[in-house]
Amino acid sequence: MKNEKRIEQQRVNQVVAKIKNKLTTKTAELQQARTERSAVEKNYGQNAKINTFEIDDQMETNAEVQQQKQLVAKNIQSEDILDQQVKTLNSLSSSPYFGRIDIHEDDEPEAETLYIGNASFADKKNNFLIYDWRAPVSSIYYNGTLGQVAYQTPGGKQTAQLMKKRQFRIKQGQIRQMFDTNETVGDQLLQEMLSEHSTEYMQNIVATIQQEQNTIIRDTKHDLLLVQGVAGSGKTSAALQRIAFLLYHSRENLTAEQMVLFSPNRLFSNYISEVLPSLGENNLRQVTLAEFFSKRFEGLKIENLFNSFEQQVADSNSILTQINQIKQSAEFIRVVRDYAKKLPTESLQFVPLSLAGRTIITQRKIRSLYQATPAAWPANLRYSETKKKLRLLLRNKIQANLNKDWVTDKLQDLSDEQIRSMTVGLDNDPVVIEQALRQRLVTESYQPLFQAIYNDYFIDIYKQYSLFLTENDETAADLFNQQLEFHRLTLADCAPLLILRDTLTGSGQNHQIKQLFIDEMQDYTPAQLLYLKHAFPNAHFTLLGDSEQALYTTAQSAKKTLFDLKTALHFKHAQLVELNKSYRSSQEITLFVRQMLPVDESIQPFSRHGTRPEWLICDQTNWKERLLQQISNLHTEFTSIAIITQTSKTAMKLQAYLRPQLKTTVLQSNNYKLPSGIIILPVYLAKGLEFDAVIVYDVSELEYPNKHRSILYTACSRAMHRLTLLSIGTPAELIEQIDPTTFEKKDFTNQLLK
């Protein structure tokens, strides 16, 4: 093997040398592109400042400026392409590839050796020295074991004999590890990579993709792909590699701008932000559910998932919680839709269109225009036709106002320069110029009304929704109106309110998005998922979740979830992929955590050993000292330490308790980045994240009764190497029910700290 390693290192040296030669060339081209772009921008700036006084000169200058703008845009595009090529080559020069397969295709005379890396690389003769991990033939590396294998190509299914599979770990151009394997990805490589400490950003996993993850990544057949994965199973990583794969596979008709990812919070968005760039792809749009709704309700403060969670924890039996559960159902959305479709004209809440305190088009007039549309038409078509008539009515009012005195007064107030800028390209005929100026002045005065019509401000959708609620539940209407009075909107009201608006107006749909991803989908209600399907009608959905981590909704089986989604959202081709092996945590942590689930066999631990979890039972007199001692012990080995609380309020209190002895940082829902040092965070912000060491705070019966099993499971499953549970007062019965051989119990009640 030593001789083979020497030969492989020689090849690495040769490939790296060629990569560096190309890198030198592309770096020079990039510098030249930047110089050219700078020169064009400078020229554009000069052209924009001259020839602006005479009309003929203005027309000539405008044409030149447009040409310069197009040239700048073209140069920027070329520069971006070169910049991405330089970044890719830089990455390849350190670690050119991670895999090798020797295959003998049935119709070829001899075997071929292929090397698999993050990106393709070919020499000057166009011989591929590295194959992109997303290439069809590369799927053999992830799916195949030695012997007969098959893989999909654009031309159909291809078969071959897999004769060798070799894995590498190459850093700074040197082979650190090399071994042959018959597995998809050898445990030896995976164990070493999983034993490393956590990092600020999620890393790409292309070198260690497992077969079940590869199924997710390369799926192109289904319009609904539901990934049900246990904590630490790599479902988010697989989804990000899937995004990169789809951009590669469908590069002729799919761009990053046509994809959107709904992430659980801003912190998580930042955590995964380096994965796609490391694979040579641009980041797609990421948005939280609250941010998505906020853009559709300008001027209102939208409740986020975390506020909703804290309210549920504070009072799960409140009237508001019970009403919200009804609003979040698929049945409630159906009722709202039916209401909107059958709403009589006299019940529509139209509002007059006004300008500077004067009513221009009355409520009665708007209602009569709507009434004049064919009654057999659906509501959205009648509404669209009403909008057309309103715009026509405004245009008629503009013509009627052209020669009014107020227009003459505005005309006389114009400066010569304003007149020149408003009449570019017109003949010097004074009559023509005056008519053009009057038309321009009146049109600009009425522009706010055109905007109001465009934005559907002539119907009060909030009052309409309030009336709908009143018909069904007056208490619900009162609670909604109270929130609205303070410019607030609960998350539970967003989806039904938008469904009402869109059904009436025909707005709210984005037909450009082709791929939509939702992480932590178990925290989305049926109503919210229904609205997202409505808002993105042409998108294929990839939904990632773990029903056992449902903090905001009721957990249910993956198969039941798939059936409900396929039925409610009307997908034609749905697929469920279950990931049951946890790679994040050590075997000892996984064996402990899985006992919190109804069927603990559903989680399979990965064979990476560590320390058993510790359960520290304290009382009110000594918990602080024990906590500080435990943090001190962990700090000698780990830099990534998180203390997870149930709520934000508890996190803030804990920080205040520890402040005299220990510096900590409390994470809030508006944080974008994981800070260094010891952090305290509520459990809902920990979702999707991982830490070397985790301390779950106050695992008492008061804080973690049986109904909070999912919350405790979520908190504990964030730990990679060390897990500590700290109980204050009566210990949680949940832990008492777990096999005592899977953790170390330390009872410090009524003891002094030694």
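Rules used throughout
- Residues numbered from 1 in each chain as written.
- Predicted model: local features only at pLDDT ≥ 70, side-chain atom pairs only at ≥ 80, totals over all residues.
- Heavy atoms only, no water.
- Helix = DSSP H or I, 4+ residues; strand = E, 2+ residues; numbered from the N terminus.
- Buried < 20%, exposed > 50% of the residue type's maximum accessible area, 1.4 Å probe, protein only.
- Contact = heavy atoms within 4.5 Å.
- Areas by Shrake-Rupley, 256 points an atom, 1.4 Å probe, with all protein chains shown as cover.
- UniProt positions renumbered as here; feature names shortened; annotations may be inferred.
- Axes fitted to C-alpha atoms, helices over the stretch in contact; angles between N-to-C directions.
- Parallel < 35°, antiparallel > 145°, perpendicular 65-115°, else oblique.
- Nonpolar A, V, L, I, M, F, W, Y, C, P; charged D, E, K, R; others polar.
- Pairing = 2+ DSSP bridges.
- Core = buried A, V, L, I, M, F, W, Y, C linked by side-chain atoms within 4.5 Å.
- Expected span 1.5 Å × (residues − 1).
- Polar contact = N/O pair within 3.5 Å; in protein donor to acceptor, adjacent residues only side chain to side chain.

### Some points on the overall build of the protein
Then, number 1: When helices and strands are tallied, the protein shows 28 helices and 26 strands.
Then, number 2: If you line up the protein on its principal axes, its C-alpha atoms span 90 × 70 × 55 Å.
Then, number 3: A burial count over the protein gives 51% of its 754 residues as buried.
Then, number 4: Counting contacts in the protein only where the partners sit at least 6 residues apart, residues at least 24 apart contribute 73% of the total.
Then, number 5: Counting every atom, the protein has about 36000 Å² of accessible surface; 48% of that belongs to carbon and sulfur.

### Thoughts on the UniProt feature "binding site: ATP" (unreviewed entry) in the protein
Then, number 1: With numbering aligned to this structure, UniProt lists the feature "binding site: ATP" (unreviewed entry) at Gly-229, Val-230, Ala-231, Gly-232, Ser-233, Gly-234, Lys-235 and Thr-236.
Then, number 2: Assignment of secondary structure puts Ala-231 in the loop between strand E8 (224–229) and helix H6 (235–249).
Then, number 3: Note on Ala-231: relative accessible area 5%, which makes it buried.
Then, number 4: Setting aside residues no more than four positions away along its own chain, Ala-231 makes contact with Asp-546, Gln-549, Ser-582, Arg-584, Tyr-713, Ser-717 and Arg-718.
Then, number 5: In this structure, Ser-233 sits in the loop between E8 and H6.
Then, number 6: With residues up to four places along the chain from it excluded, the contact list for Ser-233 reads Gln-213, Leu-579, Lys-581, Ser-582 and Tyr-583.

### Quick notes on the packing of helix H15 (residues 405–412) against helix H17 (residues 430–454)
Then, number 1: At a closest axis distance of 10 Å, the pairing of H15 and H17 adopts a crossing angle of 110 degrees. One finds that H15 runs roughly perpendicular with respect to H17. Of H17, the residues touching H15 (which contributes Trp-406, Val-407, Thr-408, Lys-410 and Leu-411) are Glu-434, Leu-437, Arg-438, Leu-441, Val-442 and Ser-445.
Then, number 2: Looking at side-chain class alone, the contact of H15 with H17 contains six nonpolar, two polar and three charged residues.

### Brief notes about unusual backbone geometry
Then, number 1: Backbone geometry places Gln-172, a non-glycine residue, at a positive phi of 50 degrees.
Then, number 2: Position of Gln-172 relative to the elements: it lies in the loop between strand E6 (156–171) and strand E7 (174–180).
Then, number 3: A relative accessible area of 57% means that Gln-172 is categorised as exposed.
Then, number 4: Of note, the phi angle at Asp-698 is positive, near 55 degrees, even though the residue is not glycine.
Then, number 5: Tracing the backbone shows Asp-698 in the loop between strand E24 (691–696) and helix H27 (709–716).

### Side note on the sheet that holds strand E16 (residues 540–545)
Where strands meet in a sheet, backbone hydrogen bonds hold them as pairs that are either parallel or antiparallel.
Then, number 1: The six strands lie next to each other as E10-E9-E15-E16-E8-E17, forming an open sheet whose pairing is parallel. What marks the edges here is a single partner per strand, and that holds for strand E10 (285–287) and strand E17 (574–579). Neighbour-to-neighbour, the strand axes of this sheet turn through a mean angle of 15 degrees, independent of strand direction.
Then, number 2: By the bridge criterion, three bridges tie strand E9 (residues 259–262) to E10 in an arrangement that is parallel. Paired with Val-260 across the bridge in E10 is Arg-285.

### Focus: the environment of Ser-91
Then, number 1: Considering the arrangement of structural elements, one finds Ser-91 in helix H2 (residues 55–94).
Then, number 2: A relative accessible area of 34% means that Ser-91 is categorised as partly exposed.

### Let's talk about the nonpolar core
Then, number 1: Counting residues in each nonpolar core, the largest one holds 169 residues, and the members touching the most others are Trp-133, Phe-262, Phe-293, Leu-712, Leu-723 and Ile-735.
Then, number 2: If near-sequence neighbours (up to four positions away) are discounted, Phe-262 is found in contact with Val-287, Thr-288, Leu-289, Phe-292, Leu-516, Phe-517, Ile-518, Asp-519, Tyr-524, Leu-532 and Phe-536.
Then, number 3: By size, the runner-up hydrophobic cluster in this structure holds 22 residues, among which are Trp-623, Leu-627, Ala-651 and Leu-726.

### Overview of helix H19 (residues 474–485)
Then, number 1: Look at H19: 16 Å from first C-alpha to last across twelve residues, which is about the 16 Å you get at 1.5 Å a residue.
Then, number 2: Packed against the buried residues of H19 are helix H11 (319–327), helix H18 (461–472), strand E14 (488–489) and helix H20 (491–505).
Then, number 3: The opening residue of H19 is Asp-473, an N-cap whose side-chain oxygen sits 2.9 Å from the backbone nitrogen of Thr-475.
Then, number 4: Trailing H19 by a residue or two, His-487 shows a phi angle of about 55 degrees, which is positive.

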